[in-house]
Amino acid sequence: MKKTTTRLADGRELIYYDARADVVRDTVDRRPLAPVATAAEIRHDRLLGDAVAIASHRQARTYHPPADECPLCPSVEGRLSEIPAADYDVAVFENRFPSLAGDHGRCEVVCFTSDHDASFADLTEEQAALVLAAWTDRTAELSQLPGVAQVFCFENRGEEIGVTLGHPHGQIYAYPFVTPRTERMLTSLAAHREATGGRNLFDDVLADERADGRRVVLDGEHWVAFVPYAAHWPYEVHLYPKRRIPDLLALDDAARAEFPRVYLELLRRFDRIFAGPDAASGRDAGPGGASGRDGSAPRTPYIAAWHQAPVRAEQRSAFALHLELFTIRRTSGKLKFLAGSESGMNVFINDVPPEAAAERLREVASEQ
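Residues numbered from 1 in each chain as written. Predicted model: local features only at pLDDT ≥ 70, side-chain atom pairs only at ≥ 80, totals over all residues. Heavy atoms only, no water.

## As for the pattern of salt bridges
Item 1. Evaluation of the coordinates by the stated rule reveals 35 salt bridges.
Item 2. A salt bridge links D22 to R20; its shortest N-O distance comes to 2.9 Å.
Item 3. Taken together, the shared-partner salt bridges in this structure form one network comprising K3, R7, E13, E94, R106, E108, D137, R138 and E141. (Salt bridge = Lys/Arg side-chain N within 4 Å of Asp/Glu carboxyl O.)

## Focus: the sheet that holds strand β11 (residues 235-241)
Item 1. The eleven strands are arranged β1-β2-β5-β6-β8-β7-β12-β13-β11-β10-β9 in an open sheet whose pairing can be described as antiparallel. Looking at which strands have only one partner, the edges of the open sheet turn out to be β1 (2-7) and β9 (216-219). Between one strand axis and the next, the sheet turns through 20° on average, direction left out of account.
Item 2. Pairing of strand β10 (residues 223-226) with β11 involves four bridges; the strand directions are antiparallel. Note on β11: the bridge partner recorded for V224 is Y240.
Item 3. Contacting β7 (150-157), β12 (302-307) and β13 (322-327), helix α2 (residues 180-195) runs over the sheet at an angle of about 125° to β13.
Item 4. Relative to β10, helix α3 (residues 201-212) is tilted by about 75°, and along the sheet it contacts β9, β10, β11 and β13. (Pairing = 2+ DSSP bridges. Helix = DSSP H or I, 4+ residues; strand = E, 2+ residues; numbered from the N terminus. Axes fitted to C-alpha atoms, helices over the stretch in contact; angles between N-to-C directions. Contact = heavy atoms within 4.5 Å.)

## Re the packing of α2 against α3
Item 1. Contact pair α2 / α3: the axes reach a minimum separation of 9 Å and the direction vectors enclose 85°. As far as their axial angle goes, α3 and α2 are roughly perpendicular. Seen from α2, the contacting residues are M185, S188, L189 and H192; seen from α3, they are L201, F202 and D204.
Item 2. Partitioned by chemical class, the residues of the contact of α2 with α3 number four nonpolar, two polar and one charged. (Parallel < 35°, antiparallel > 145°, perpendicular 65-115°, else oblique. Nonpolar A, V, L, I, M, F, W, Y, C, P; charged D, E, K, R; others polar.)

## A few points about the packing of aromatic side chains
Item 1. According to the stated counting rule, one finds 19 aromatic pairs in the structure shown.
Item 2. The interplanar angle of 40° and the centroid separation of 5.4 Å between the aromatic rings of Y175 and F177 together place this pair among those described as tilted. With respect to class, Y175 is no different from F177; both count as buried.
Item 3. Residues W233 and F348 carry aromatic rings whose centres are separated by 5.4 Å and whose planes lie at 65° to one another, so their mutual orientation is edge-to-face. Pair noted here: W233 is in the loop between β10 and β11 and F348 is in the loop between α5 (340-345) and α6 (354-363), with a separation of 115 residues, a long-range link.
Item 4. The exposure class of F348 is partly exposed, given its relative accessible area of 23%. (Phe/Tyr/Trp six-rings, centres within 6.5 Å; stacked < 30°, edge-to-face > 60°. Buried < 20%, exposed > 50% of the residue type's maximum accessible area, 1.4 Å probe, protein only.)

Structure below.
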């Protein structure tokens, strides 16, 4: 991998990650951009203890542009984008409309490929490995920034999720605090250690799921994917390296090499679960969800979220890196909306038994 760091016209950082070492990245951003002005601040909810980012400047962000005006595609004469180069492998840049900025953290955009019509599931294993390398490098760099407490790499896919740019991309948030969800995990981790005489909660959850087997979706040499026992979402998969590590930086070469095959397989299964007459609902794909590149299957909307140990947590070595992948679709043509119980009280109601979801995800495995 070759890494090239440069600056956009308004001073934001842009990093190219290339598979080839002989690539030269010297294209200059020729747009007449003014310096980025943000109004981000962090406020604390006194009742819940949560932190809320207030970012009014994001109202002006780009919203569903036509494909020929995509800001994440390579630049061409007459249409200059966020990527000055005529082509790229993976590109990462500071978000022009960040939710977190300055003393309140940092937000970056990760472009997985220059191909506007692709999806992460369309990438080759080599391309996916380069994205993993970029996530790892950005985690290392952002963790060193003053005030950053946690680094979160994630992808939102699909208009149903709220994605406003169709180009295949994800984001990285460098939070100035430990997120509420991670705080809850750390609390459960400490309570389990106390109740079991020192056992690790993540280790026990993984061991229990593998021993039960009914919810295991994919079991590789270095990674295992399963639908959690108390899944919140109709189709939700957690992907763990079999050796507990705190973050992406700690992945060994073997786990890093196997990840692309395992992750791409999971994403492709998500695209297949609602395709055709044998889909989970017993009906065809119906409305919603764009077709795949070959037109054979809809693209399932999803969120893919890397959970990494906070940068300076006391229990850092006890935390387990893992990825949580879930879709808001509950059946063909129908979405899982967060209504009164979920939004009002944070109590999820799942219409699909986790065992049934796991069975369906095993059924749509790629042919070996």
